[in-house]
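Descriptive structure summary
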Amino acid sequence: MLFNSYIFIAVFLPAAVAAVWLAKCYLSHNAALAALTLASLFFYAWWNPPYVILLLASIAANYLIGRQVRHFKGVGRRSAARILTILGVGANLGIIGYYKYADFFVTNIDGLTGLDFTIGVVLLPLSISFFTFQQIAYLVDSYREQVQPHNFLDYAMFISFFPQLIAGPIVYHGEMLRQLHGEFALRFTSNDVAIGLTIFTMGLFKKVVLADGMATYATPGFDAVEAGAVLNFLEAWSAALAYTLQLYFDFSGYSDMAIGLGRIFGLRLPVNFNSPYKADNIIEFWRRWHMTLSRFLRLYLYVPLGGNRRGPYRRWLNIMITMLLGGLWHGAGWTFVVWGGLHGCYLAVNHLWRYLRTTVMGRVPITSPERFAGFALTFVAVVVAWIFFRAESFAGALAMLESMAGLN
């Protein structure tokens, strides 16, 4: 069920609001939380009912593991807590690895070895990347003793809350759990409903009008290249820029719709985009693009790898590892890995440039021409990387880049 579908806007959303409001008014706050959780599970089951069992099993298992980890830490059994945390994180990665990457790895093994392994058709569960990352963060923070008191209903609501379930933003337990029993949660105040509907409508416009409109220009160009056609310079850049805008308005639109829906229920989800194409360097771009994913990769991958604490070379290596895995998270294909690798290189070069500029020139303010040059270079670099993100094959990506460079 998509946010921009008639069934969601005209049927599901009014029914969910009515059910939660009635439970809140005539039963209790916990009943309202239960109603919203059940509505969220129904929303998830609409796509493929059997997979709601996987979601529930994941929620229950991670809740129990997290509680046990906190118990072990509370009684001083740090090693047991650490082992259980590693096992829990490993189990989550194993699940996402099977459903999202098993076919990718088997195909590559077959290509390298000449064998003919097969695992059959593995249907990817909806939003598994998002709710798995949220639960990995929950387990790690349970080990760090950074989780607020909560019960199973709170946790199930936090993971399954339908606005952020499909495409994010990636919400952390601290952001959601502290709100569930707050003053404005599930109260449907006129202010929250008005703001929520406004933000939802803006996101809907981004998705339906702008993103889908840009797709009519981007898709034919990329499809033609994959079919062997040769685009001229203007056709290639038109398709590339159209996709650059399509992807932003699509993803940003969904994030806005999620934020608006959350606000209707009195819950505030984190902002996920902040005009990323205005960034004048790639570091700033990643502070503005998919901000909750950037935060997750930084806190739960880059920092544990050592971050920037072990010298510049290790820092660049950690950046590259983080971005390669971030690229693979977006999709099971080598083109996504290349996209992540390009951004890893971009970030390493940007950090090196900052270091050299500071060493040579000191902390001199950036001039307007330098800022504009940085903006232009950053935008072009991002567009080039998007080619690999969108292309179905390396041949298609390289053909598009050749056309964009005027080499045909």
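Data block above holds the structure.
Reference entry: report on the structure contained in this document.

Cut-offs and rules
- Residues numbered from 1 in each chain as written.
- Predicted model: local features only at pLDDT ≥ 70, side-chain atom pairs only at ≥ 80, totals over all residues.
- Heavy atoms only, no water.
- Helix = DSSP H or I, 4+ residues; strand = E, 2+ residues; numbered from the N terminus.
- Buried < 20%, exposed > 50% of the residue type's maximum accessible area, 1.4 Å probe, protein only.
- Contact = heavy atoms within 4.5 Å.
- Phe/Tyr/Trp six-rings, centres within 6.5 Å; stacked < 30°, edge-to-face > 60°.
- Lys NZ or Arg CZ within 6 Å of the ring centre and 35° of its normal.
- Core = buried A, V, L, I, M, F, W, Y, C linked by side-chain atoms within 4.5 Å.
- 1 Å grid on protein atoms, 1.4 Å probe; cavity = no way out; pocket = protein on both sides within 12 Å on 5 of 7 lines; lining within 4 Å.
- Points joined across faces, edges and corners; volume = space filled by probe spheres on them.
- Nonpolar A, V, L, I, M, F, W, Y, C, P; charged D, E, K, R; others polar.

Time to look at the environment of L342. Positionally, L342 belongs in helix α13 (residues 334–361). The exposure class assigned to L342 is partly exposed, which follows from its relative accessible area of 23%. As a C-alpha pair, L342 and V382 span 40 residues in sequence and 9.1 Å in three-dimensional space. The contacts of L342, once residues within four sequence positions are left out, are A385 and F388.

The next subject is the packing of aromatic side chains. One pass over the full model with this rule turns up 54 aromatic pairs. Taken together, a centroid distance of 5.6 Å and an interplanar angle of 45° make the contact between F43 and F162 tilted. With F43 in helix α2 (residues 29–45) and F162 in the loop between α6 (152–160) and α7 (173–180), this pair connects stretches of sequence that are 119 residues apart. Side by side, F43 and F162 carry an identical accessibility label, which is buried. Taking the centre distance of 5.0 Å and the plane angle of 65° together, the rings of W339 and F389 count as edge-to-face. Here the residue W339 occupies a position in helix α13, and F389 occupies one in helix α14 (residues 368–390), the gap between them amounting to 50 residues. Each member of the pair, W339 as well as F389, is classed as buried. Sitting above the plane of the Y143 ring, K73 keeps its charged end 4.1 Å from the centroid. When the ring centre of Y243 is taken as reference, the NZ or CZ atom of R390 above it lies at 5.9 Å.

Let's shift gears to the nonpolar core. Formed by 116 residues in total, the largest nonpolar core has its most connected members in F8, F265, W289 and W386. Setting aside its immediate chain neighbours within four residues, F265 contacts L13, A16, V17, V20, L36, F161, F162, F184, A185, L186, R187 and F188. V69, F72, A81 and L84 belong to the second largest nonpolar core, which has 6 residues in total.

Before going further, it helps to examine the layout of surface pockets. Put simply, the largest pocket is a space of about 790 Å³. In this structure, the largest pocket is lined by 28 residues; those nearest its centre are F130, A167, F251, H330 and F389. Elements supplying a minimum of two residues to the lining of the largest pocket: α5 (128–143), α9 (233–264), α12 (312–330), α13 and α14. If one sorts the elements of the lining of the largest pocket by residue count, α9 sits on top with 6 residues. Class assignment of the residues belonging to the lining of the largest pocket gives a composition of 20 nonpolar, 6 polar and 2 charged.

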